[in-house]
Amino acid sequence: MMEVTPHLKNVLKNYQHSATKSLQGPGLALAPPKNELPSPEIKEEEFVPAPFPVQQLPILTTPDTSCSERTETILEGETISCFVVGGEKRLCLPQVLNSVLRDFSLPQINHECDQLQIYCSRCTPEQLNVLKNGGILPSGAASSGLITKTDAERLCSALLHGQDIPQIRPRKGSVSFTVYHKCFGKCRGVCFPELFTSKNAKCIECTECRGGFSPQQFVCHVHKHFSENRTVHWGFDSANWRVYLRVAKDQQDHEQCVKYIDELKEQFDGKMPFPLPQNIYAGIKRKQHPNIPPIQKTTPTPPDANADNNHHRHQRVVRILRLFVYFKHNLPGKDQRPLPTVICDCVITISFVDFTNFDRGFVITLI
């Protein structure tokens, strides 16, 4: 048995001391001290490095076979075929161009893609066959492009909602608060909850361009000097706008404003009814809603007090009927649904309305 020399003991001691404090080991501990000569009994050939520790095998998962399974998604109200590749939806580019962006020329689309740094990929032969068998592409199509859902949202926002943005005109004194998002850059706006009367109603005003947007459109809206075109964006879906839309931290009554945003999301998901448009309130003096028939005004003056009273009662019934027509066209659900008591110059009580016979009439009790 080989005798352990003092030098080897010193090396082992230094190694044990430094190994617990460093990832690089003892460093120069293997070198002999300056005043001590190397031991002649120990040769370099006898120093055998420690065996490399056994590495665990990586966790292997089954390959993703869903990349050729066709699904569908909604883009700007249009149903588009897509494939899920690596967790990201990749939309059929020809279908997007022929439906959502049909009013734009190819040079316009290519220019915007260059500005946004958007690059499209080619579908695999299996994906191409799936699109042909589904009637999405003609049987003679040689290939097809795929665009990610995130880039499709950016492209549509720039082309459809980037120019000639209509402005909104909220009611004077209506509730408003500041909101912002940081998608594809950043943008700030002012939200008016009472203007959110449908999924696509414009209730947010951009503080920079003064354009009006719905919440789903606003989270895609960004100006060029704030845009992030050299960033790889992944996994965006404007339908999840509540995740991206935030209330400004310096906003007064911050918690109440957050509740307003949550209510907007519940209305968007159909869990709460939308508020009545502004022109429903107080005499309907503004522009008529497209789903509400106009009031036929009568100019003749009633000859006596009873006729005058009947005339006003008739006008009140007309206003009530207009409200029910609005409910008929705007409340989703079954043909029969309960309606709350509505107050508009008089009180009516209806426990249940059958909308299948709505146009033939129903009973109204005036109190």
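Under the annotation held in an unreviewed UniProt entry, the chain carries the name Ski Sno and/or c-SKI SMAD bind domain containing protein and is attributed to Asbolus verrucosus. The Sequence similarities (unreviewed entry) comment attached to the chain in UniProt states, word for word, "Belongs to the SKI family."

### Some thoughts on the overall build of the chain
Along the chain, the regular secondary structure elements total nine helices and twelve strands. Out of the 367 residues in the chain, the part that is buried amounts to 35%. About 24500 Å² of surface is accessible on the chain, with carbon and sulfur atoms providing 53% of the total.

### Observations regarding the side chain of glutamine 127
Within the secondary structure, glutamine 127 is located in helix 4 (residues 125-133). Judged by its relative accessible area of 3%, glutamine 127 is buried. Sequence-distant contacts of glutamine 127, defined by excluding residues within four places in its chain, comprise Cys67, Ser68, Phe83, Val85 and Leu146.

### So, the environment of glycine 86
By secondary structure assignment, the location of glycine 86 is in the loop between strand 2 (78-85) and strand 3 (88-92). Along the chain, glycine 86 and cysteine 67 lie 19 residues apart, while their C-alpha atoms are 8.0 Å from each other.

### A look at the sheet that holds strand 10 (residues 246-247)
With respect to topology, five strands assemble into an open sheet ordered 9-8-7-6-10, the strand pairing being antiparallel. Because the sheet does not close on itself, it has two edges, and the strands there are strand 9 (212-213) and strand 10. Relative to strand 8 (residues 204-206), strand 7 (residues 187-191) is paired through three bridges, and the arrangement is antiparallel. The residue bridging cysteine 191 from the neighbouring strand is isoleucine 204, located in strand 8.

### Considerations on helix 5 (residues 149-160)
With twelve residues, helix 5 ought to run about 16 Å at 1.5 Å a step, and its terminal C-alpha atoms sit 16 Å apart, in line with that. Most of helix 5 is tucked away, with ten of its twelve residues classed as buried. For helix 5, the complete set of buried residues consists of Lys149, Thr150, Asp151, Ala152, Glu153, Arg154, Leu155, Cys156, Ser157 and Leu159. Looking at the buried residues of helix 5, the elements they touch are strand 1 (70-75), strand 3, helix 3 (106-116) and strand 5 (145-148).

### A closer look at the nonpolar core
If you look at the biggest cluster of nonpolar residues, it comprises 28 residues, and the most contacted ones within it are Val179, Leu245 and Ile261. Listed by contribution, the elements that provide at least two residues to this core are strand 6 (177-181), strand 7, strand 8, helix 7 (241-244) and helix 8 (254-268). By residue number, the principal contributor to this core is helix 8, which donates four residues. Those residues in contact with valine 179, other than ones at most four positions away along the chain, are Cys187, Arg188, Gly189, Cys191, Ile204, Phe218, Leu245, Arg246, Val247, Ala248 and Ile261. Judged by nonpolar contacts, the second largest core, of 17 residues, contains Ile80, Leu91, Ile109 and Cys113.

### Here we look at the packing of helix 3 against helix 5
Axis separation between helix 3 and helix 5 bottoms out at 10 Å; the angle between their running directions is 120 degrees. The orientation of helix 3 with respect to helix 5, classified from their angle, is oblique. Between helix 3 and helix 5 lies a crossing of right-handed hand. Only Arg154, Leu155, Ala158 and Leu159 of helix 5 make contact with helix 3, whose side of the interface consists of Gln108, Ile109, Glu112, Cys113 and Leu116. Its residues assigned to classes, the contact of helix 3 with helix 5 comprises six nonpolar, one polar and two charged.

### Some details on the pattern of salt bridges
The full count for this structure, using the stated rule, is nine salt bridges. Among the salt bridges present, the one from arginine 210 reaches glutamate 205, with a minimum N-O distance of 3.7 Å. Of the residues examined, arginine 210 reaches a relative accessible area of 42% and is grouped as partly exposed. Two residues, lysine 265 and aspartate 269, come together in a salt bridge whose shortest N-O distance is 3.4 Å. Taking the relative accessible area as the measure of exposure, aspartate 269 reaches 41% and is therefore partly exposed.

### Focus on the pairing of strand 7
With four of five residues buried, strand 7 is to be regarded as a mostly interior element. What sits between strand 6 and strand 7 in their antiparallel hairpin is a turn of five residues, with phenylalanine 184 showing a positive phi close to 60 degrees.

### Here we look at the packing of aromatic side chains
Any two aromatic rings considered together are summarised by their centre-to-centre distance and by the angle between their planes. Considering all chains together, one arrives at five aromatic pairs under this definition. Relative to tyrosine 244, the ring of phenylalanine 236 has its centre 4.8 Å away and its plane inclined at 25 degrees; by these criteria the two rings are stacked. An aromatic cluster is defined as three or more aromatic residues linked by ring pairs; in this entry it consists of Phe184, Phe236 and Tyr244. When the ring centre of phenylalanine 184 is taken as reference, the NZ or CZ atom of arginine 154 above it lies at 5.8 Å. If you follow lysine 199 out to its NZ or CZ, it ends over the ring of phenylalanine 268, 5.2 Å from the centre.

The rules behind each value
- Residues numbered from 1 in each chain as written.
- Predicted model: local features only at pLDDT ≥ 70, side-chain atom pairs only at ≥ 80, totals over all residues.
- Heavy atoms only, no water.
- UniProt positions renumbered as here; feature names shortened; annotations may be inferred.
- Helix = DSSP H or I, 4+ residues; strand = E, 2+ residues; numbered from the N terminus.
- Buried < 20%, exposed > 50% of the residue type's maximum accessible area, 1.4 Å probe, protein only.
- Areas by Shrake-Rupley, 256 points an atom, 1.4 Å probe, with all protein chains shown as cover.
- Contact = heavy atoms within 4.5 Å.
- Pairing = 2+ DSSP bridges.
- Expected span 1.5 Å × (residues − 1).
- Core = buried A, V, L, I, M, F, W, Y, C linked by side-chain atoms within 4.5 Å.
- Axes fitted to C-alpha atoms, helices over the stretch in contact; angles between N-to-C directions.
- Parallel < 35°, antiparallel > 145°, perpendicular 65-115°, else oblique.
- Left-handed = near helix turned anticlockwise from the far one by under 90°.
- Nonpolar A, V, L, I, M, F, W, Y, C, P; charged D, E, K, R; others polar.
- Salt bridge = Lys/Arg side-chain N within 4 Å of Asp/Glu carboxyl O.
- Phe/Tyr/Trp six-rings, centres within 6.5 Å; stacked < 30°, edge-to-face > 60°.
- Lys NZ or Arg CZ within 6 Å of the ring centre and 35° of its normal.

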